[in-house]
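Residues per chain, in single letters:
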Amino acid sequence: MRCPVCQCPDNRVLESRSAESGHSVRRRRECLQCTHRFTTYERIEFVPIVVLKRSGERESFDRSKVLRGIVRACEKTGVSPMQLENVVDEIEAELQQRITREVSSSEIGELVLKYLQTLNEVAYIRFASVYKQFQGIRDFVETLNHLRESTECIELETLPAETENRAAVAPFMSPSR
Ligand SMILES: [Zn+2]
């Protein structure tokens, strides 16, 4: 690591700190020649993820491919390009955190569904219809029911908490005002 001012390769580390929630190490360095101080970051190397396709072929994970699939499902749904990028980011981060470097294309499909489910109902059903290769109206209805059930679960889970919050907040409000 050369000094950015005088290009001298020798420096000493003044301080090392964990950064980016433990994903990198930040080091404060001082040039031994001109005493200029600078900062370096050390990152964990990203190991490529291998995708096992239905055909049995293997290829390296390609985020633009995942994005293309989602873009198609989200056409005219009002989901912003930024939200789509975020979904792909989340999926890639989730895959990077796994111990195994190999993932099947169906696992990626399930991950996409997991994120679309919370994002947009139409996009979720569209993606599911392509990905699960719907054979007829029955598959469609099943997926729709599955989606409804999981949304109802979420609503039921959040409802009591909200009521509790209101009850907890209420005694401290208004009488003095
Ligand atoms: Zn220097």
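Conventions we followed
- Residues numbered from 1 in each chain as written.
- Predicted model: local features only at pLDDT ≥ 70, side-chain atom pairs only at ≥ 80, totals over all residues.
- Pairing = 2+ DSSP bridges.
- Helix = DSSP H or I, 4+ residues; strand = E, 2+ residues; numbered from the N terminus.
- Axes fitted to C-alpha atoms, helices over the stretch in contact; angles between N-to-C directions.
- Contact = placed C-beta atoms within 7 Å.
- Buried ≥ 20, exposed ≤ 12 C-beta atoms within 10 Å, placed from the backbone.
- Arc of directions from axis to C-beta.

K.L.:
How do you make sense of the sheet that holds strand 6 (residues 102-104) when you look at a structure like this?
P.N.:
Think of a sheet as strands paired side by side through backbone hydrogen bonds, with each pair either parallel or antiparallel. If you walk across this open sheet you meet the three strands as 5-4-6, and the pairing is mixed. Taken across any chain shown, the strands that pair with only one partner, and hence form the sheet edges, are strand 5 (58-60) and strand 6. Shown here is a sheet whose adjacent strand axes are inclined to one another by a mean of 35 degrees, direction ignored. Packed onto the sheet, helix 3 (residues 105-119) meets strand 4 (50-52) and strand 6 and runs at close to 75 degrees relative to strand 6.

K.L.:
I'm lost on unusual backbone geometry in this one. Help?
P.N.:
Of all residues except glycine, most have a negative phi; of all peptide bonds, most are trans. We note that Gln-7 has phi near 65 degrees; this positive angle belongs to a residue other than glycine. If you trace the backbone, Gln-7 turns up in the segment before strand 1 (11-19). In this structure, Thr-35 takes a positive phi of about 60 degrees despite not being glycine. Position of Thr-35 relative to the elements: it lies in the loop between strand 2 (24-31) and strand 3 (37-43).

K.L.:
Sorry if this is basic, but what is going on with helix 1 (residues 63-73) here?
P.N.:
The periodicity of an α-helix, 3.6 residues per turn, causes residues three or four places apart in sequence to face the same way. Where helix 1 is concerned, the buried positions are Val-66, Ile-70 and Ala-73. Viewed along the axis of helix 1, the buried residues span an arc of 55 degrees, placing them on a single side of the element. Projecting away from the buried face of helix 1 at angles above 90 degrees are the exposed residues Ser-64, Arg-68 and Arg-72. The elements touched by buried residues of helix 1 are helix 2 (81-96), helix 3 and helix 4 (121-131).

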